[in-house]
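If you want the building blocks of each chain, they are given just below.
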Amino acid sequence: MITSLRGFRDILPPESELFARIEAAAREVFGLYGYQELRIPTLESKELFVKSTGETTDIVEKEMYAFTDGGGREVAMRPEGTPGAVRAYIQNNLGQTGRNGKYFYMGNMFRAERPQAGRYREFTQIGAEHIGNPTPAADAENISMLVRFLEEAGVAGCAVVINSLGCAECRKTYRELLLGLLRGKAEKLCEPCRGRIERNPLRALDCKTDGPWLAREAPKRALCQACEAHFTGTQRLLGAAGVNYEVNHSLVRGLDYYTGIVFEVRSGALGSQDAVCGGGRYDDLVKSMGGPAAPAIGWAVGLDRMAMLLKDKPAPDTAPKTFVIAAAKEAEDKAFALLTAVRAAGISADFSNFELSLKSQMRSAGRSGAAFALLIGEDELKTGTCAIKPMKEGGEQFAVSAADAPAKIKELLQR
Ligand code: HAM
């Protein structure tokens, strides 16, 4: 038997229903904020991710599913959605032709990470990007939409953590300060952090091993006046929107394009992979990818992790309302027509196998969770009726004309 690959999984009912519910909540909330959907490719040129996500990031350095295709092109399965969204924005001239620069996407991403609970090699993200608005109001709107969406989806008990990395200038100053400390303490650093001191010293700040002692010893980040004003402005507006958050100066995020505000949503209920969402400002990315100067902010949630947080909530009721049974061989056509008529009336209906015995079909009806079984047998064929049997204990069977059955069921369901 051929099984799925390690880190790749089947999302089965009822979890798949949770995914659908989360997606529906996203669409509803995003509509309120004027975000429109982008459907972008899963496969892109490898260079797109190298140039945007960043050459020294784990995602690009170690985790990308990249290969040379039959035509000799270097391609990669997308590890995240932001680079594709930015490419689409530039390629389709959305800055000129689009409505407001606000876009969302839903889809599967690929990272060859070591699989563990909440971490898969193929996972699903919903992302929201606002391109072209540099103001704190865009940040506060983007983050408060995230909080509203999590609420609407039923995810509770999460913490919103924010920080500001500052602009390129602030980061340069801070990088030098931090480099000084790290060079002096290289022997104290873990292997990967030591290896990237010069290339990406900031990453040590959110390293699981070195982060805690660096949080105590690292110099405090100093923001330039403009970045400080943006950060406090965003916090003020988050307050106006009633969003609870905490500031954490150690938050750096593992992708290269961030400038200014970065944030995560974390849940203690998730174990070591505790980030439900990550995001931040990327003011220079669109321009650096060949587009117009278009400052931007966005985030992406992991659906697999949101579903983990929701798995103990009552599953949505997807049982069919009715179950149609042909209690005689000749009844198949009428039973099939009834199935069609009930569904056409907007009532869910299922059946098993009209050629099986009445007992076997009744057993399937019980397993389906349907509220009513609709039976057509020899007697019903003769009289043009159908028998309605309530599936709950002690439900008394009665007959109605087959043509009236959908209306009758509707009435019964409304009681
Ligand atoms: P990220 O932090 O790499 O950010 O991923 C966002 C979320 O995707 C994480 O918080 C997590 O819930 C989920 N996730 C990531 N990797 C995995 C995995 N291996 N298995 C399961 N879930 C995972 C980004 O991807 C950025 N594009 C976010 C962004 C949008 N920034 C600006 N705009």
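Further up the page is the structure itself.
All of these numbers come straight from a predicted model, not from anything done at the bench.

Calculation notes
- Residues numbered from 1 in each chain as written.
- Predicted model: local features only at pLDDT ≥ 70, side-chain atom pairs only at ≥ 80, totals over all residues.
- Heavy atoms only, no water.
- Helix = DSSP H or I, 4+ residues; strand = E, 2+ residues; numbered from the N terminus.
- Buried < 20%, exposed > 50% of the residue type's maximum accessible area, 1.4 Å probe, protein only.
- Contact = heavy atoms within 4.5 Å.
- Areas by Shrake-Rupley, 256 points an atom, 1.4 Å probe, with all protein chains shown as cover.
- Lys, Arg positive; Asp, Glu negative; His and termini not counted.
- Charge placed at Lys NZ, Arg CZ, Asp CG, Glu CD.
- Near = heavy atom within 4 Å.
- Polar contact = N/O pair within 3.5 Å; in protein donor to acceptor, adjacent residues only side chain to side chain.
- Phe/Tyr/Trp six-rings, centres within 6.5 Å; stacked < 30°, edge-to-face > 60°.
- Lys NZ or Arg CZ within 6 Å of the ring centre and 35° of its normal.
- Core = buried A, V, L, I, M, F, W, Y, C linked by side-chain atoms within 4.5 Å.
- Pairing = 2+ DSSP bridges.
- Axes fitted to C-alpha atoms, helices over the stretch in contact; angles between N-to-C directions.
- Parallel < 35°, antiparallel > 145°, perpendicular 65-115°, else oblique.
- Left-handed = near helix turned anticlockwise from the far one by under 90°.
- Arc of directions from axis to C-beta.

Caption draft 1: Quick look at the overall build of the protein. For the protein, the helix and strand inventory stands at 16 helices and 16 strands. Based on the C-alpha atoms only, the size of the protein along its principal axes is roughly 90 × 50 × 40 Å. Among the 415 residues that make up the protein, the fraction classed as buried is 48%. Partitioning the contacts of the protein with sequence separation of at least 6, the portion at a separation of at least 24 is 68%. When the accessible area of the protein is evaluated, it comes to approximately 20,200 Å², of which 52% is carbon and sulfur surface. Charged side chains in the protein number 53 positive and 52 negative. The centres of these two groups are separated by 3 Å.

Caption draft 2: Spatial organisation of the site of the ligand. Around the ligand, the surrounding shell holds 26 residues, and the nearest of these are E80, E113, Y120, E129 and Y258. Here an oxygen atom of the ligand sits 3.0 Å away from a polar atom, N or O, in the main chain of V276. The contact in question runs from a nitrogen atom of the ligand to an N or O atom on the backbone of G298, over 3.4 Å. Contact with the protein chains removes 96% of the 660 Å² of surface that the ligand exposes when unbound. For the shell around the ligand, the secondary-structure elements that each account for two or more residues are β6 (122-131), β10 (275-281) and β11 (296-302). The leading source of residues in the shell around the ligand is β10, at six residues.

Caption draft 3: View of the packing of aromatic side chains. Under the counting rule described, the total for this entry stands at ten aromatic pairs. Ring centres of F30 and W299 lie 5.9 Å apart, and the angle between their planes is 65°; this geometry places the pair in the edge-to-face category. Of the two residues, F30 is situated in helix α1 (residues 15-32) and W299 in strand β11; the sequence distance between them amounts to 269 residues. Overall, the relative accessible area of 0% leaves F30 in the buried class. Of the aromatic side chains, those joined through ring pairs into one cluster are F30, Y35, F104, F149 and W299. Here the guanidinium or amino end of R9 rests over the ring plane of Y120, the centre of that ring lying 4.4 Å away. Lying across the ring of W213, K188 places its NZ or CZ 4.2 Å from the centre.

Caption draft 4: Quick peek at the nonpolar core. Grouped together as the largest cluster of nonpolar side chains are 45 residues, with contacts concentrated most on L178, L205 and L214. Only α4 (82-91), β5 (102-110), β6, α7 (168-184), α9 (211-217), α11 (285-288) and β11 provide two or more residues apiece to this core. Tallying contributions element by element places α7 first for this core, with five residues. The residues touching L214, leaving out its near neighbours within four places in the chain, are L181, L182, A204 and L205. The next biggest cluster of nonpolar side chains, apart from the first, holds 44 residues, and it includes I143, V155, C277 and L310.

Caption draft 5: Molecular detail of the sheet that holds strand β2 (residues 43-45). Taken in spatial order, the three strands make up an open sheet running β2-β4-β3, and their pairing is antiparallel. The open sheet terminates on both sides in strands that have one partner only, identified here as β2 and β3 (66-68). Across the sheet, the axes of successive neighbouring strands diverge by a mean angle of 35°, strand direction being ignored. Bridge count for β3 against strand β4 (residues 74-77) is three bridges, and the pairing is antiparallel. Pairing of T68 across the sheet is with E74, part of β4.

Caption draft 6: Inspection of the packing of α1 against helix α6 (residues 136-153) at higher detail. Interhelical geometry of α1 versus α6 gives an angle of 140° and a closest axis separation of 9 Å. With respect to each other, α1 and α6 are oriented oblique. Every pair of crossing elements has a handedness; the one defined by α1 and α6 is right-handed. Contacts between α1 and α6 involve I22, A25, A26, E28, V29 and F30 from the former and M145, R148, F149, E152 and A153 from the latter.

Caption draft 7: Layout of helix α16 (residues 405-414). Restricting attention to buried positions, one finds in α16 the residues A405, P406, I409 and L412. One side of α16 carries all its buried residues, which in axial view fall inside an arc of 125°. Opposite its buried face, α16 presents the exposed residues A407 and Q414, each directed more than 90 degrees away. Contact partners of the buried residues in α16: β12 (322-326), α13 (332-344), β14 (372-376), β15 (385-390) and β16 (398-401).

Caption draft 8: Up close: the environment of I376. Note on placement: I376 falls in strand β14. Judged by relative accessible area, I376 falls into the buried class, the value being 2%. Taking the C-alpha atoms as reference points, I376 and L338, separated by 38 residues in sequence, lie 9.1 Å from one another.

Geometry only, nothing functional implied.
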